[in-house]
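# Structural overview for review
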Amino acid sequence: MQRLLLLLLLSSSSLQVAPPPPAATRGERLVGRSGSAAARSLGERGWSAASRTPSRAGARVPAGEAMDSVFVTVGTTSFDQLIECVSSDAVTRILQTLGCRKLTLQVGRGSVEPKAFTGPSFTLDVFRFKESIAEDIQSAGLVISHAGAGSCLEALGAGKPLIVVINENLMDNHQLELAKRLHRDGHLLYCTCSTLPETLRSLDFASLEPFPPGHPEKFANFVDRIVGFQ
Amino acid sequence: MGWRPGAGVGVLALAAAACLALRLFVTVRNHKRRVAGERRPVRLLLVLGSGGHTTEMLRLVNSLSPLYAPRHYVIANTDKMSEEKVRIIEAAKNEKDTEPQYTIHRIPRSREVRQSWISSVVTTVYSILYSIPLVFQLKPDMVMCNGPGTCVPLCLSALLLGIFGIKKVLIIYVESICRVETLSLSGKILYYLSDYFFVQWSTLKEKYPKSIYLGRIV
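Note that the structure is a prediction, hence the values are computed from the model and not measured.

## Quick notes on the UniProt feature "transmembrane region" (unreviewed entry) in chain B
Residue and element names in this part refer to chain B. Taking the numbering used here, the UniProt-annotated feature "transmembrane region" (unreviewed entry) corresponds to residues 6-26, 116-135 and 147-166. Across residues 6-26, the secondary structure splits into 100% helix and 0% strand, with the terminal C-alpha atoms separated by 30 Å. Within residues 116-135, the helical portion is 95% and the strand portion 0%, while the C-alpha atoms at the span's ends are 27 Å from each other.

Given below as structure tokens:
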């Protein structure tokens, strides 16, 4: 019930920017999701969101936060394909229709480093590494990240909507484990470089589950009992 | 047939190995708990990796009461960022006390990411040679680690303290949140050698029944 209320709230806040999808479809989806565990299986989200919206006329505007600024991060690795894709004309145009006025790329060790520019309606900012990307994440309305666990956790921990783009050349990487699981649990959207435009066009953050913080105090209590402090 | 001296050495070596194995078994099985109500501080040895491992470990450290002191942090010498993070967190912890309750130590990293197996063995031996004097000097009550390569040599050194009967060191291993389906290499080794082995996903708890699952703790 609480979630339903939240959804209604979110959809009404996005009303000012663009018409949200009919309330009925959202309601249905909500029932469908909680109703069948199978629907939670991998691949159901993100992909299916794309297939549910055949209309390509206008991208659905994300509920809640304004998507003024988008942050792309590849962590300490390189992911040229993602940087190329996200800085392409096609994708930057979609981002602008979503309301994005500033795109920041953290390109890591990659060999692709697009030229930064500041235009009247759109700014591209590019850097390789920074001591901390916490600020960039904090000021972003959407984070697009490689599947690295650190980047995923940092974005979700900051409460930011997150799209994880899978590097198909690194399929056996154990780092994917976490991204896949977080996707299965509905905390993030999941796509490849080739499906990124589609995923962006059909963005629906209302379908994302919040990612609550962990409970280190449970660990502390357990250890306290071991050493006799409790 | 005469008694060859080589055989004597062999028997001795075998006996020594058996003693060592028995001692290791006893040390690992001895989950000595302190008496409830104990207020004596717990000397901690904390193994930091880099990046995500450090972030996770520091969250756990932050949740512990000030009774876990002093805190000895061990950082791989190739790691640039962790020391700064430790200083920030310790400065925040140290609002009232004047004496800092922590020290920072560096040892060679035993295994870089994607390092080959053979060279891993060599660098691990190298890092054990650094770990033993450090652990014997610090004599911690408890070692806490979460999977960076350096934690295996340090835990082995801590076990040696127990094997020699100097001190039983509790080894607490917390598998990183990144591990959903499989344990890390350090985890696979320390599953058998640690006293308390925490995992953060139920999928791992099912595969490793001796582990402790309290949900997500970082």
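## Focus on the packing of aromatic side chains
Aromatic ring pairs are reported here in terms of the distance separating the ring centres and the angle at which the planes meet. Residues and elements named next belong to chain B. Taken as a whole and assessed by the stated rule, the structure comprises 13 aromatic pairs over all chains. Taking 6.2 Å as the distance between ring centres and 80 degrees as the angle between the ring planes, the aromatic pair formed by Tyr73 and Tyr102 counts as edge-to-face. A residue pair is termed long-range when its members are at least 10 positions apart, and Tyr73 in strand 2 (residues 71-76) and Tyr102 in strand 3 (residues 102-107) qualify at 29 residues. Consider the rings of Tyr191 and Phe197, whose centres lie 5.1 Å apart with planes at 85 degrees: the pair is edge-to-face. Across the pair, Phe197 and Tyr191 agree in class, each one buried. Aromatic rings pair up to connect Tyr173, Tyr191, Tyr192, Phe197 and Tyr208 into one cluster.

## Some details on the side chain of Glu38(B)
Residues and elements named next belong to chain B. As for its position among the elements, Glu38 is in the loop between helix 1 (5-29) and strand 1 (44-48). Classification of Glu38 by relative accessible area gives buried; the value is 19%. Polar contacts involving the side chain of Glu38 include one to the side chain of Arg40, which spans 3.3 Å.

## Structural notes on the pairing of strand 4 (residues 142-145) of chain B
All names here are of chain B. The alternating pattern of strand 4 places Met142 and Met144 and Val143 and Cys145 on opposite faces, both of which are buried. Sheet analysis places strand 1 next to strand 4, joined by 3 bridges and oriented parallel. Across the sheet, the residue bridging to Leu46 is Met144, located in strand 4. With helix 5 (residues 151-163) bridging strand 4 and the parallel strand 5 (residues 170-174), this β-α-β connection has right-handed handedness.

## Quick notes on the interface of chain A and chain B
Across the contact, 28 residues belong to chain A and 37 residues belong to chain B. For the pairing of chain A and chain B, the buried interface totals around 2,800 Å² over both sides, and the portion due to carbon and sulfur atoms is 65%. The three residues of chain A that bury the most area against chain B are Phe219(A), Ile226(A) and Phe229(A), which together make up 27% of that side's buried surface. The tally of links from chain A across to chain B stands at 12 residue pairs in polar contact (both at pLDDT 80 or more). Listed by contribution, the elements that provide at least two residues to the side of chain A that touches chain B are helix 7 (149-157), helix 8 (175-184) and helix 10 (216-227) of chain A.

## Some points on the packing of helix 1 of chain B against helix 5 of chain B
Residue and element names in this part refer to chain B. Packing of helix 1 against helix 5 leaves a shortest axis separation of 9 Å and a crossing angle of 100 degrees. Classified by the angle between their axes, helix 1 and helix 5 sit roughly perpendicular to one another. Contacts between helix 1 and helix 5 involve Leu20, Arg23, Leu24, Thr27 and Val28 from the first element and Leu159, Gly162 and Ile163 from the second.

## Some points on the pairing of strand 1 (residues 69-73) of chain A
Residue and element names in this part refer to chain A. Burial runs high along strand 1: 5 of the 5 residues are buried. Alternating positions in strand 1 separate into two faces, Ser69, Phe71 and Thr73 on one and Val70 and Val72 on the other, with burial throughout. Across 5 bridges, the pairing between strand 1 and strand 2 (residues 102-106) is parallel. If you follow Ser69 over to strand 2, its bridge partner there is Lys102. Pairing between strand 1 and strand 5 (residues 142-145): 4 bridges, direction parallel. Across the sheet, the residue bridging to Val72 is Ile144, located in strand 5.

Parameters at a glance
Residues numbered from 1 in each chain as written. Chains lettered and ligands numbered in written order. Predicted model: local features only at pLDDT ≥ 70, side-chain atom pairs only at ≥ 80, totals over all residues. Heavy atoms only, no water. UniProt positions renumbered as here; feature names shortened; annotations may be inferred. Helix = DSSP H or I, 4+ residues; strand = E, 2+ residues; numbered from the N terminus. Phe/Tyr/Trp six-rings, centres within 6.5 Å; stacked < 30°, edge-to-face > 60°. Buried < 20%, exposed > 50% of the residue type's maximum accessible area, 1.4 Å probe, protein only. Polar contact = N/O pair within 3.5 Å; in protein donor to acceptor, adjacent residues only side chain to side chain. Pairing = 2+ DSSP bridges. Right-handed = clockwise from strand over helix to strand, strands pointing away. Contact = heavy atoms within 4.5 Å. Buried area = accessible area lost by both parts, 1.4 Å probe. Axes fitted to C-alpha atoms, helices over the stretch in contact; angles between N-to-C directions. Parallel < 35°, antiparallel > 145°, perpendicular 65-115°, else oblique.

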